[in-house]
Amino acid sequence: MTAIRIICTILLVICALIVVVSVLLQQGQARGLGAISGGAETFFGKNKAKSYEGKLALATKICGGAFLVLSLVIAAITAA
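Only a predicted model underlies this, so the values are computations on that prediction, with no experimental measurement involved.

**Topic: the nonpolar core**
Thinking step 1. In terms of nonpolar packing, the biggest core is built from five residues, these being C8, L12, C15, L70 and I74.
Thinking step 2. Of all the elements in the fold, those that place two or more residues in this core are α1 (2-25) and α3 (52-79).
Thinking step 3. The element contributing the most residues to this core is α1, with three residues.
Thinking step 4. With residues up to four places along the chain from it excluded, the contact list for L12 reads F67, L70, S71 and I74.

So, in structure tokens, the structure goes:
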């Protein structure tokens, strides 16, 4: 049981570091008054998933989910 716990803890730390780095590399979402009238939506905003920011957002979501699952697994192993 301790080997599984050590592996999960190492993976948890790696996921935490990836989440921190990916959040820090993302740009802010402040668009100013242009967002009120819809002026912030441009041609480049429609293909955001293929851009660098889109990939960072996807990495943040995946590693955040992995962080949550690994935290629950470690809690379950510790409680048992």
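**A word on α3**
Thinking step 1. For α3, which comprises 28 residues, the first-to-last C-alpha distance of 40 Å matches the rise-based estimate of 40 Å (1.5 Å per residue) to within 8%.
Thinking step 2. Looking at the packing, one finds that the buried side of α3 touches α1.

**Focus on α1**
Thinking step 1. Given a rise of 1.5 Å per residue, 24 residues ought to cover 34 Å, and the 35 Å separating the end C-alpha atoms of α1 matches this to within 8%.
Thinking step 2. Among the residues of α1, C8, L12, C15 and S22 are the ones counted as buried.
Thinking step 3. Buried residues along α1 sit in contact with α3.

**What about the side chain of T60?**
Thinking step 1. Counting through the fold element by element, T60 comes out in helix α3.
Thinking step 2. Within the structure, T60 has its side chain in polar contact with the side chain of S22 (distance 2.8 Å).
Thinking step 3. Only 2.8 Å separates the side chain of T60 from the backbone oxygen of L56, close enough to count as a polar contact.
Thinking step 4. For T60, the contacting residues outside a window of four places in its chain are V19, S22, V23 and Q26.

Rules behind the numbers
- Residues numbered from 1 in each chain as written.
- Predicted model: local features only at pLDDT ≥ 70, side-chain atom pairs only at ≥ 80, totals over all residues.
- Heavy atoms only, no water.
- Core = buried A, V, L, I, M, F, W, Y, C linked by side-chain atoms within 4.5 Å.
- Buried < 20%, exposed > 50% of the residue type's maximum accessible area, 1.4 Å probe, protein only.
- Helix = DSSP H or I, 4+ residues; strand = E, 2+ residues; numbered from the N terminus.
- Contact = heavy atoms within 4.5 Å.
- Expected span 1.5 Å × (residues − 1).
- Polar contact = N/O pair within 3.5 Å; in protein donor to acceptor, adjacent residues only side chain to side chain.

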